Amino acid sequence: MARVVAVANLKGGIGKTTTVVNVGAGLALKGARVLLVDTDAQGNLAMALGVHPRRTLYDALVDGVPVERCIIEARPGLDLLPADATLLGAQPIIARRPDWSRVLAQALQPVTGSYDFVLIDSAGSLTPLNVNALVCAHDVIAPTTVEHFSVKSLELLMAQIGRIKGGAGHVRMIIPTMYDPRVRQSGELLAMLRDRYGDRVTPPVRVNVRLSEAPAQGKTIYEYDPRSRGAIDYALLVEHISRAFGFAARPQPPAPPPDPAPAPYRPVSTAAPETCPHCGKALQHTSLAGYRISYCAQCRYKKQELVRDRQ
Ligand SMILES: Nc1ncnc2c1ncn2[C@@H]1O[C@H](COP(=O)(O)OP(=O)(O)OP(=O)(O)O)[C@@H](O)[C@H]1O
Ligand SMILES: [Mg+2]
């Protein structure tokens, strides 16, 4: 049965959609079966993945179209239940139903068994559909920029989740986004977050212009620029989330031979340091999208190497 995860924060523009796209795509690259659900009428998930769906969540929620017929395959292993502006019209219709907070859970119920992860993207305000997302999720992941007001809004989010889901509701992970290590306040607020929320705070995603360029091309960060800081940080986050949710990477079917000449296989450089050049700790490794990433859990040193040319 899928782990249903809502990616939520009551603040807008803090990296929810970017996280859903790149965590979802990263999990799919590790062999997970992933469904992304867009509950935001901005419809950013379809744009970010460069797909043009015919049916959306509106059809499933309001017109009773079976949800399977509203889902499209965006990438291998990565499906999408998209949204668009019609969803604005769905909210008042849903809000009038007696079971209004469970309509999303009911709509998704027939398909959740087909996935390892269902990631729900939500709008930056407490709309009826956002309440639905929180009700239907097993876990909530909250991205937050490392800024004073964003950190404050986390407390509000936690209070709302407690109100909606009762005592059991809590934020499973907090993802610091748009982190700029050169800005002193960023470092101080990250330390404060870790102090307050402990190991619920994941490794941060650094500010990286490639992450903001990729959606305009309809590409994930691994497709747009797999060597970028954004790709490395999201790959590490995918590793963190896989471990936390007990998902072990599935062996991938071998890539079809490229046409016309086979792509050269490049083994990982044997010169790769096995210990961190900064602090001497043993390096840890993960691989994603054809890259092997070596990182130090102690001082955040990161290095990535191409393992296999991608088509
Ligand atoms: N780490 C990052 N570095 C630089 N830009 C980023 C980063 N993460 C996200 N962005 C950019 O910041 C903007 C807001 O990000 P995103 O759309 O993911 O936020 P959101 O929380 O989903 O916003 P909304 O509440 O409007 O749905 C986008 O232009 C995105 O490309
Ligand atoms: Mg968004």
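This one's a predicted model, so the numbers in the text were calculated from it and none came from an experiment.

Undergrad: Kindly report on the site of ligand 1, identifying the contributing residues and their values.
TA: The environment of ligand 1 is formed by 20 residues, the closest being G12, T17, T18, G124 and S212. Sorting the residues of the shell around ligand 1 by element identifies helix 1 (16-29) and helix 9 (209-213) as the ones contributing at least two each. Of the residues assigned to the shell around ligand 1, the class counts are 6 nonpolar, 12 polar and 2 charged.

Undergrad: Kindly report on the packing of helix 5 (residues 103-112) against helix 6 (residues 128-136), identifying the contributing residues and their values.
TA: For the pair helix 5 and helix 6, the least separation of the axes is 7 Å and the interaxial angle reads 55°. The pairing of helix 5 with helix 6 is recorded here as oblique in orientation. Here V103, L104, A105 and L108 of helix 5 come into contact with helix 6, specifically with L129, N132, A133, V135 and C136. In terms of residue class, the contact of helix 5 with helix 6 is built from 8 nonpolar, 1 polar and no charged.

Undergrad: Which residues make up unusual backbone geometry, and what values go with them?
TA: One non-glycine residue, M178, adopts positive backbone phi at about 50°. M178 sits in the buried class, given 22 other C-beta atoms within 10 Å.

Undergrad: If you had to explain the sheet that holds strand 9 (residues 291-295) to someone new, which residues and values would you point to?
TA: Taking strand neighbours across the sheet as the criterion, the 3 strands line up as 8-9-10 in an open arrangement whose pairing is antiparallel. With one partner strand each, in any of the chains shown, strand 8 (284-288) and strand 10 (302-306) form the two edges of the open sheet. Taken over all neighbouring pairs, the strand axes of this sheet differ in orientation by 20° on average, direction set aside. Strand direction decides the pairing type here: strand 8 and strand 9, joined by 5 bridges, are antiparallel. Bridging from a neighbouring strand, S287 pairs with R292 of strand 9.

Undergrad: Please provide a residue-by-residue account of the nonpolar core, values included.
TA: Ranked by size, the top nonpolar core spans 88 residues in total, and within it V5, V34, V118 and L119 carry the most contacts. A per-element tally of this core places helix 11 (residues 229-244) first, with 8 residues. Of the domains in this structure, domain 1 (3-247) and domain 2 (265-311) are the two that each give at least three residues to this core. Excluding its chain neighbours within four sequence positions, the residues that come into contact with L119 are V5, V7, V20, V23, G24, V34 and L36.

Undergrad: Please give an account of the pairing of strand 6 (residues 139-145) that cites residues and values.
TA: Every regular strand shows the same layout, with side chains that alternate between the two sheet faces. For strand 6, a buried count of 6 out of 7 residues is recorded, marking the element as mostly surrounded by other parts of the structure. Bridge analysis of strand 6 against strand 7 (residues 171-177) gives 6 bridges, and the strand direction is parallel. Each residue of the ladder has a partner; that of I141, found in strand 7, is M173.

Undergrad: Lay out helix 6 in plain terms, naming residues and giving numbers.
TA: Here helix 6 lies mainly inside the structure; 8 of its 9 residues are buried. Along helix 6, the positions that sit buried rather than exposed are P128, L129, N130, V131, N132, A133, L134 and C136. Next to the buried residues of helix 6 lie strand 1 (3-7), helix 4 (87-95), helix 5, strand 5 (117-121), strand 6 and helix 7 (148-165).

Undergrad: With reference to specific residues and values, describe the sheet that holds strand 2 (residues 34-38).
TA: If you trace the 7 strands from one edge of the open sheet to the other, you get 3-4-2-5-1-6-7, paired in mixed fashion. Looking at strand neighbours, the two that pair on one side only are strand 3 (72-75) and strand 7, the edges of this open sheet. Across the sheet, the mean angle separating the axes of adjacent strands is 25° when strand polarity is ignored.

Undergrad: Go over the domain arrangement of the protein with me, naming the residues and quoting the values.
TA: Split into domains, the protein comes out as domain 1 (3-247) and domain 2 (265-311). Taking only C-alpha atoms, the centre of domain 1 and the centre of domain 2 are 28 Å apart. Taken together, the contact between domain 1 and domain 2 spans 11 residues of the former and 9 residues of the latter. Breaking the side of domain 1 that touches domain 2 down by element, the ones donating at least two residues are helix 1 and helix 11. Top contributing element to the side of domain 1 that touches domain 2 by residue count: helix 11, with 5 residues. Classifying every residue of the side of domain 1 that touches domain 2 gives 7 nonpolar, 1 polar and 3 charged.

Undergrad: I'd like a description of the pairing of strand 2, backed by residues and values.
TA: Within strand 2, 5 of the 5 residues are buried, which leaves the element mostly enclosed by the surrounding structure. Burial along strand 2 is two-sided: the face carrying V34, L36 and D38 and the face carrying L35 and V37 are both buried. Two strands pair when backbone bridges link them, and strand 2 and strand 4 (residues 78-81) are joined in this way by 4 bridges, in the parallel orientation. For V37, the partnering residue across the bridge sits in strand 4 and is L81. Note that strand 2 and strand 5 share 5 bridges and pair parallel. Looking at strand 5, one finds that V37 is bridged to I120.

Cut-off values and rules
Residues numbered from 1 in each chain as written. Chains lettered and ligands numbered in written order. Predicted model: local features only at pLDDT ≥ 70, side-chain atom pairs only at ≥ 80, totals over all residues. Near = placed C-beta within 6 Å. Helix = DSSP H or I, 4+ residues; strand = E, 2+ residues; numbered from the N terminus. Nonpolar A, V, L, I, M, F, W, Y, C, P; charged D, E, K, R; others polar. Axes fitted to C-alpha atoms, helices over the stretch in contact; angles between N-to-C directions. Parallel < 35°, antiparallel > 145°, perpendicular 65-115°, else oblique. Contact = placed C-beta atoms within 7 Å. Buried ≥ 20, exposed ≤ 12 C-beta atoms within 10 Å, placed from the backbone. Pairing = 2+ DSSP bridges. Core = buried A, V, L, I, M, F, W, Y, C linked by C-beta atoms within 7 Å. Domains from an automatic or database assignment.

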